[in-house]
Amino acid sequence: MHWKPHAAALAAEVAHPGSDWWLPVASTPRHQFVERWFTAGPGGWTAVDGSDDEEAWAAASYSDTTLVTQIGPVHADHTQTGLTVTGHPTSSSTHPSLVVTMLRHGRLIPGVRFLDLATGSGYSAALACQRLGDQLVTTLDVDPYLTLAAGDRLHRAGLHPQVVRADATTAALPGEFDRIVSMVSVPRVPAEWLTALAPSGRLVTTIAGTGLIVTADRNRDGSASGRVEWDRAAFMKARSGTDYPPALDDLFITASTEHGDVAVSPLPVLDVVQAWEVWSMLTLTTPGIEHRTGTAEDGSRMTWMLHPDGSWARARTAKGERTATVHQGGPRRLYDLLDSIRWRWIEQGELPVYGAKVTITPDGETTFTRGGWGITL
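Scoring rules and cut-offs
- Residues numbered from 1 in each chain as written.
- Predicted model: local features only at pLDDT ≥ 70, side-chain atom pairs only at ≥ 80, totals over all residues.
- Heavy atoms only, no water.
- Helix = DSSP H or I, 4+ residues; strand = E, 2+ residues; numbered from the N terminus.
- Buried < 20%, exposed > 50% of the residue type's maximum accessible area, 1.4 Å probe, protein only.
- Contact = heavy atoms within 4.5 Å.
- Salt bridge = Lys/Arg side-chain N within 4 Å of Asp/Glu carboxyl O.
- Pairing = 2+ DSSP bridges.

Enquirer: Is there a simple way to explain the environment of Gly-222 in this structure?
Expert: Secondary-structure assignment places Gly-222 in the loop between β12 (212–218) and β13 (224–232). According to the relative accessible area criterion, Gly-222 is buried, its value standing at 9%. The spacing of Gly-222 and His-31 is 191 residues in sequence and 40 Å in space, taken between C-alpha atoms. In this structure, Gly-222 is in contact with Leu-194 and Pro-362, ignoring residues within four places of it in sequence.

Here is the structure:
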C-alpha cells in the first residue's frame with residue numbers, strides 16, 4: 001500500500017503543519033497497526049480483513065475513526081473474515097484526533113520519559129516514539145495478546161519502545177515517568193500512578209463513565225493538582241481480565257416488566273450518554289449506572305437506567321410528546337437523580353464538571369470543585 005499520502009491527509013485533518021503532532025501522524029503507517037477490525041451490524045460485530053480490499057483498508061485506517069479490534073476476549077486477528085461476534089468492545093484503535101488531543105494535553109516535549117497506558121493497537125505509542133524517540137517511550141497494557149501484537153507491529157514499523165504487560169490499576173508501574181497519558185478510563189486515579197510520576201510530572205486520564213479529561217501535575221508532597229479540560233473524551237474502562245463484568249441483563253428484565261413507582265417527568269427522554277455534561281455529572285454523583293436506550297414500534301423513545309445495587313428506572317416519551325412516563329424501583333430513584341441534574345442544567349445554563357479544579361491526594365483520592373460545588377471520588 002502507498003500509505004504516505006493517506007497519512008499526510010490524516011495529519012492535515014487532525015493536526016496542522018506547524019503542530020508538534022503533524023509529522024508523527026504523517027510518518028506513522030496506521031494501517032499496519034489495524035490489519036483486521038470489527039464493524040457493527042444488527043446481529044453483532046463482523047470481522048474485516050484489510051488485505052482483502054486495500055482501498056477500503058486505506059479508507060478505514062486513515063480516517064479519523066475509531067476501529068474496534070476486540071470484542072470481549074476475541075480479537076479480530078483471530079476471527080474468520082465475515083464472522084459475526086457478539087459482546088462489548090474491549091480494545092480499539094481510537095480516533096487519531098482524540099489520541100493527538102490526549103498526547104497534546106500531556107505536553108510531550110523532547111527529553112521527557114513517557115508512559116502510554118493502554119497499548120491497544122500500538123498507534124499512540126508509535127506517535128509518541130515519532131515525537132520523543134524510542135528510548136523514552138514505555139507502553140503498557142493488561143492484555144497479553146495486545147502487548148505481543150502491538151510490539152510486533154511497532155517493530156515492523158521500525159519503532160522499539162519498551163512494551164510491558166501489567167495491570168496498571170493494581171500493580172506498581174514499571175519505572176518513573178515525566179508524563180503519563182492513559183488511553184483507558186478509571187473510576188479514580190490509582191495511587192500507583194502518582195507514585196510513578198516524577199516531581200513536577202504530568203498526568204492525563206479520563207474518568208470512567210464520563211466525558212471528562214483530567215490533567216494534573218505532581219506536587220512535592222506526592223499529591224497532584226490540575227483541572228478538568230474543556231475538551232471532551234470517553235474511553236473504554238480499564239479492565240483486569242479479558243472481558244468486562246457481565247451486563248445487568250437480569251435487572252434489565254425487571255426494569256422492562258415491573259410496574260414500580262410511577263410518575264410523570266416534565267422533561268422528555270434523554271439519551272444520557274450523548275449529553276456529555278449531564279452524563280458526566282450523573283456518573284460523578286452516582287457511579288455505576290448502566291444506560292440503555294431504544295425506540296418502540298410506535299415511535300416512542302425509551303430509556304432504562306440500571307445500577308448494581310438493584311435500583312432501576314425506565315422512561316417513555318410518546319411520539320410527539322415532550323413529557324416522560326417514568327417507572328422506578330430498588331433502593332434509589334435513579335430517574336429523580338437524573339432529573340435534578342437536568343433541571344440544574346436548564347436553570348443555570350451549564351453544569352460545573354467541565355473546567356472544574358482537580359486535586360488528587362497521594363493515595364488517589366480525587367476531588368472536583370467549581371463554583372461552590374464539589375465531589376470526591
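Enquirer: How should I be thinking about unusual backbone geometry in this particular structure?
Expert: Phi is mostly negative for residues that are not glycine, and the peptide bonds are mostly trans. The backbone of Ala-118 sits at a positive phi, close to 85 degrees, despite the residue not being glycine. Along the chain, Ala-118 turns up in the loop between β7 (114–117) and α6 (123–132). Unusually for a residue other than glycine, Ser-200 sits at a positive phi of about 65 degrees. Relative to the helices and strands, Ser-200 resides in strand β11 (residues 197–207). Under the relative-accessibility criterion, Ser-200 is labelled exposed at 58%.

Enquirer: Would you mind going over the environment of Ser-92 with me for this structure?
Expert: Tracing the backbone through its elements, the reader meets Ser-92 in strand β6 (residues 89–93). Taking C-alpha positions, Ser-92 is 5.5 Å from Leu-67, a pair spaced 25 residues apart along the chain. Residues in contact with Ser-92, not counting those within four places in the same chain, are Thr-66, Leu-67, Val-68, Thr-69, Ser-121 and Met-236.

Enquirer: Just checking my understanding: could you explain the pattern of salt bridges for this structure?
Expert: Pairing between side chains of opposite charge can happen when their charged atoms approach one another. Inspection of the entire model under this criterion finds 18 salt bridges. One salt bridge in this structure joins Glu-35 and Arg-153, with 3.0 Å as the shortest N-O distance. Taken together, the positions of Glu-35 in the loop between α3 (30–33) and β1 (36–41) and Arg-153 in helix α7 (residues 144–156) put the pair 118 residues apart, joining distant regions of the chain. Residue Glu-35 is classed as partly exposed on the basis of its relative accessible area of 23%. Under the relative-accessibility criterion, Arg-153 is labelled buried at 7%. A salt bridge links Arg-332 to Asp-309; the nearest nitrogen and oxygen atoms lie 3.0 Å apart. In this pair, Arg-332 sits in the loop between β18 (324–329) and α11 (334–348) while Asp-309 sits in the loop between β16 (301–306) and β17 (312–317), placing the two residues 23 residues apart along the sequence. The class of Arg-332 is partly exposed, set by a relative accessible area of 31%. Where salt bridges share partners, they join Glu-35, Asp-77, Asp-152, Arg-153 and Arg-156 into one cluster.

Enquirer: How should the pairing of β1 be read in this particular structure?
Expert: On any regular strand, side chains alternate: one points to one face of the sheet, the next to the other face. In this sheet, strand β2 (residues 44–49) lies alongside β1 in antiparallel orientation, the contact comprising 6 bridges. For Thr-39, the partnering residue across the bridge sits in β2 and is Thr-46. Where β1 folds back onto β2 in an antiparallel hairpin, the turn is made up of 2 residues.

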